[in-house]
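# Reading the structure
Residues per chain, in single letters:
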Amino acid sequence: MPTVMETPTAIGGTSVPFQGKSKELQAGTVANTLWVTFKNDATAFNGEKHAVFEGKGALNKAFTQQFFELLESAGIPTCWLSTGELPETAVYRTLQMIPVEVVVRNVAQGSLCKRLGLAENTILKAPLVEYFLKSDALGDPAIPPSAITELGLLPSRVCLKQLEWMALAVNTILSARFKAAGVTLVDFKLEMGLDSEGTLRLGDELSPDGCRLQDAASGQSLDKDVFRKGTGDLIETYQALAGKLAKSPWDLSTLPIQTYTGVVVVQSRANILNPQSRTLTHTLQQTFVPAASSLLEGGAIQQVDSQKRFQVSITATHHWQALALFNQLADEPLSNPVIEDAFVEDITLAKERS
Ligand code: UDP
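Heads up: these notes are all about the structure in this document.

Calculation notes
Residues numbered from 1 in each chain as written. Predicted model: local features only at pLDDT ≥ 70, side-chain atom pairs only at ≥ 80, totals over all residues. Heavy atoms only, no water. Phe/Tyr/Trp six-rings, centres within 6.5 Å; stacked < 30°, edge-to-face > 60°. Helix = DSSP H or I, 4+ residues; strand = E, 2+ residues; numbered from the N terminus. Buried < 20%, exposed > 50% of the residue type's maximum accessible area, 1.4 Å probe, protein only. Disulfide = S-S within 2.5 Å. Pairing = 2+ DSSP bridges. Salt bridge = Lys/Arg side-chain N within 4 Å of Asp/Glu carboxyl O. Near = heavy atom within 4 Å. Polar contact = N/O pair within 3.5 Å; in protein donor to acceptor, adjacent residues only side chain to side chain. Areas by Shrake-Rupley, 256 points an atom, 1.4 Å probe, with all protein chains shown as cover. Nonpolar A, V, L, I, M, F, W, Y, C, P; charged D, E, K, R; others polar. Contact = heavy atoms within 4.5 Å. Axes fitted to C-alpha atoms, helices over the stretch in contact; angles between N-to-C directions.

### Description of the packing of aromatic side chains
On inspection of all chains with the given rule, the structure shows 7 aromatic pairs. Note on Phe63 and Tyr238: the rings are 6.3 Å apart at their centroids and 80 degrees apart in plane angle, and the pair reads as edge-to-face. Separated by 175 residues along the polypeptide, Phe63 in helix H1 (residues 56–73) and Tyr238 in helix H6 (residues 234–247) bring together distant segments of the chain. Just as Phe63 is buried, Tyr238 falls in that class too. Aromatic side chains Trp165 and Tyr260 sit 5.9 Å apart centroid to centroid with 55 degrees between the ring planes, which places their arrangement in the tilted category.

Encoded structure:
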């Protein structure tokens, strides 16, 4: 399925720019880069409502730069490379986009309330991650995780847990950053893709176009909802948000340390001869007789493999850091990568330490 960020194909900045709803994209002069222009257009309701606001592109580029650079410094890969020559331009890495929108919610608003009948502004017990199929023709419908697999929407090296944990990490960092500025991060949408080396990165943009943000004291909207609902001036609103962030510097060292638990499972590679498992399988095949019952009839042992399981607790400041730590531990020293496969399962945020 072709996706926005991979659309320009020519290199050398000579391709015809691709016009998205809020950004124009053109292949950059360096391979695997894109020149991005943030447009002044605002759209809502799948493009039915449209207006142009002088200065919106530069504001959204500045928000995106600020947030992508912050996330990069926290170890979360993004498409951001550098600012462009104009206030509304930037240089991105080209990504092969995953056609799924990942939405994280802290407070129930918008489509969640309509779909589940939740009261507006219900504070959710834990951040909720939802997936939507990126399809204008279908109106970006909610898609269950099993259908993401069914439609083959994830590249082979990517699993849904990575999308979920990257999104939760972004939520932890941005929620804390906004909170320091007196702003509540209600919900937001992310898009992700793979770079030319196969690294999963955040793509698209991070701006009040794709987030719901509220003044924590007054509840006043500080995002594109003012345009959607016609309740305020978009530029004044975005400028007010930028002003709040500028007045409240914040850094990652203030993030609380949290405890995450997980299970690292280690087993012999499928193609590695494991004499112990072979003997055990053979013995059980000879001796195991299913109890006489129509339910068990036809059942037999095919293969028995032994596994090692390690219950692990670690501390980290966000989910992406935790996932990286678990993966590193699983690769080595908990397994021998020459003869064993290792994977991490059941990872959960255990409890906040501070
Ligand atoms: N969102 C977005 N683009 C979309 C759909 C949603 O940026 O195509 C953002 C939206 O701004 C909000 C969050 O995702 O911050 C959740 O949106 P919701 O599902 O409530 O959809 P809505 O009712 O706003 O259409």
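### Overview of the state of the cysteines
All chains considered together, the criterion is met by 0 disulfides. Not part of a disulfide, Cys79 finds its nearest cysteine sulfur in Cys211, a span of 14 Å. Residue Cys79 is classed as buried on the basis of its relative accessible area of 0%. Since its relative accessible area comes to 6%, Cys211 is described here as buried.

### Digging into unusual backbone geometry
Outside of glycine, negative phi angles account for most residues, and trans bonds account for most peptide bonds. In the segment running from Glu332 into Pro333, the intervening peptide bond is cis, with an omega of 15 degrees. With respect to the helices, strands and loops of the structure, Pro333 is situated in the loop between helix H8 (319–331) and strand E17 (340–352). Of note, Asn121 is a non-glycine position whose phi angle comes to about 70 degrees, a positive value. Positive phi, close to 60 degrees, is recorded for Asp204, a residue that is not glycine. Along the chain, Asp204 falls in the loop between strand E13 (200–202) and strand E14 (211–215).

### Here's the deal with the sheet that holds strand E12 (residues 192–194)
Here 3 strands make up an open sheet; going across it, the order is E8-E12-E13 and the pairing antiparallel. Looking at strand neighbours, the two that pair on one side only are strand E8 (96–97) and E13, the edges of this open sheet. Pairing geometry for E8 and E12, over 2 bridges, is antiparallel. Residue pairing across strands places Gln96 opposite Leu194, the latter belonging to E12.

### Comments concerning the pattern of salt bridges
A full pass over the atoms with the stated rule returns 22 salt bridges. Arg201 serves as the salt-bridge partner of Glu72, at 3.6 Å between the closest nitrogen and oxygen. In this pair, Glu72 sits in helix H1 while Arg201 sits in strand E13, placing the two residues 129 residues apart along the sequence. Relative accessible area serves as the criterion here: at 31%, Glu72 is assigned to the partly exposed category.

### Notes on the site of the ligand
By nearness alone, 15 residues border the ligand, and Arg105, Ser111, Asp187, Arg212 and Arg228 come closest of all. The side chain of Glu101 places a nitrogen or oxygen atom 3.4 Å from an oxygen atom of the ligand. One nitrogen or oxygen atom from the side chain of Arg228 is found 2.9 Å from an oxygen atom belonging to the ligand. Contact with the protein chains removes 77% of the 510 Å² of surface that the ligand exposes when unbound. Elements supplying a minimum of two residues to the shell around the ligand: strand E9 (100–107), strand E11 (183–190) and E14. Its residues placed into classes, the shell around the ligand shows 3 nonpolar, 4 polar and 8 charged.

### Details of the sheet that holds strand E7 (residues 89–93)
Spatial strand order, E1-E2-E3-E7-E6: 5 strands in an open sheet with antiparallel pairing. Two strands lie at the open edges of the sheet, namely strand E1 (18–19) and strand E6 (80–83), each paired on one side alone. Against the sheet, H1 contacts strand E3 (33–38), E6 and E7, and its axis sits at roughly 130 degrees relative to E6.

### Considering the pairing of strand E15 (residues 258–268)
Where burial is concerned, most of E15 is hidden: 9 out of the 11 residues are buried. Bridge count for E15 against strand E16 (residues 307–316) is 10 bridges, and the pairing is antiparallel. The residue of E16 that forms the bridge with Gln267 is Gln307.

Nothing here speaks to function; it is geometry throughout.
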